[in-house]
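Residue-level structure breakdown
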Amino acid sequence: MTRQPRPTTTLWRPTGPVELALVRDLAWRAWPPRLPEQPIFYPVLNEDYAVRIARDWNVKHDGAGYVTRFEVDSAFLRRYPVRRAGGRTILELWVPAEELPEFNAHIVGGIEVVHEFR
């Protein structure tokens, strides 16, 4: 009997060059620990929203912005309520920094860069 893969949810993460280098150092399989001033890791549920942040905020502050895409076990994600950070499509998950190692353990496959802005 073959096992069916567990359902996954696609998430996006807008990021700058420093965080992206740390993801690369983690073999594209995990997000780095948060800094003390970053109590929340917030992936987003909408590619367009991630593009806006990477293009309009990361480029301005970091000189470059990237949008990453990755899959996470859907059953695991149910513990995080969807947060509306503005308009109808501005949706995020708020993962407490101390839960990031467990979150990373539920990433299915790798993290990939899907957009780059300079």
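For the structure, see preceding data.
Structure report, in brief. Since the structure is predicted, the reported quantities are computational estimates derived from the model, not experimental observations.

As for the pairing of strand 3 (residues 65-73)
For strand 3, a buried count of seven out of nine residues is recorded, marking the element as mostly surrounded by other parts of the structure. Pairing geometry for strand 1 (residues 8-15) and strand 3, over eight bridges, is antiparallel. Each residue of the ladder has a partner; that of threonine 15, found in strand 3, is tyrosine 66. For strand 3 and strand 7 (residues 107-117), the ladder comprises seven bridges, and the chain directions are antiparallel. When the bridges of strand 7 are listed, tyrosine 66 appears paired with glutamate 116.

Side note on the sheet that holds strand 3
Backbone hydrogen bonds are what pair the strands of a sheet, in a parallel or an antiparallel way. Ordered by their spatial adjacency, three strands build an open sheet running 1-3-7, and the pairing between neighbours is antiparallel. Edge positions in the sheet fall to strand 1 and strand 7, since each has one partner strand and no second. Across the sheet, the axes of successive neighbouring strands diverge by a mean angle of 20 degrees, strand direction being ignored. Running at roughly 135 degrees to strand 1, helix 1 (residues 17-25) makes contact with strand 1, strand 3 and strand 7 of the sheet.

Description of helix 1
Of the residues making up helix 1, those classed as buried are Glu19, Leu20 and Val23. End-on, the buried residues of helix 1 take up no more than an arc of 100 degrees, which puts them together on one face. For helix 1, the exposed residues lying more than 90 degrees away from the buried face are Val18 and Asp25. Looking at the packing, one finds that the buried side of helix 1 touches strand 1, strand 3 and strand 7. Taken from the residues just after helix 1, alanine 27 is the one with a positive phi, measuring 60 degrees.

Cut-offs applied
- Residues numbered from 1 in each chain as written.
- Predicted model: local features only at pLDDT ≥ 70, side-chain atom pairs only at ≥ 80, totals over all residues.
- Heavy atoms only, no water.
- Buried < 20%, exposed > 50% of the residue type's maximum accessible area, 1.4 Å probe, protein only.
- Helix = DSSP H or I, 4+ residues; strand = E, 2+ residues; numbered from the N terminus.
- Pairing = 2+ DSSP bridges.
- Axes fitted to C-alpha atoms, helices over the stretch in contact; angles between N-to-C directions.
- Contact = heavy atoms within 4.5 Å.
- Arc of directions from axis to C-beta.

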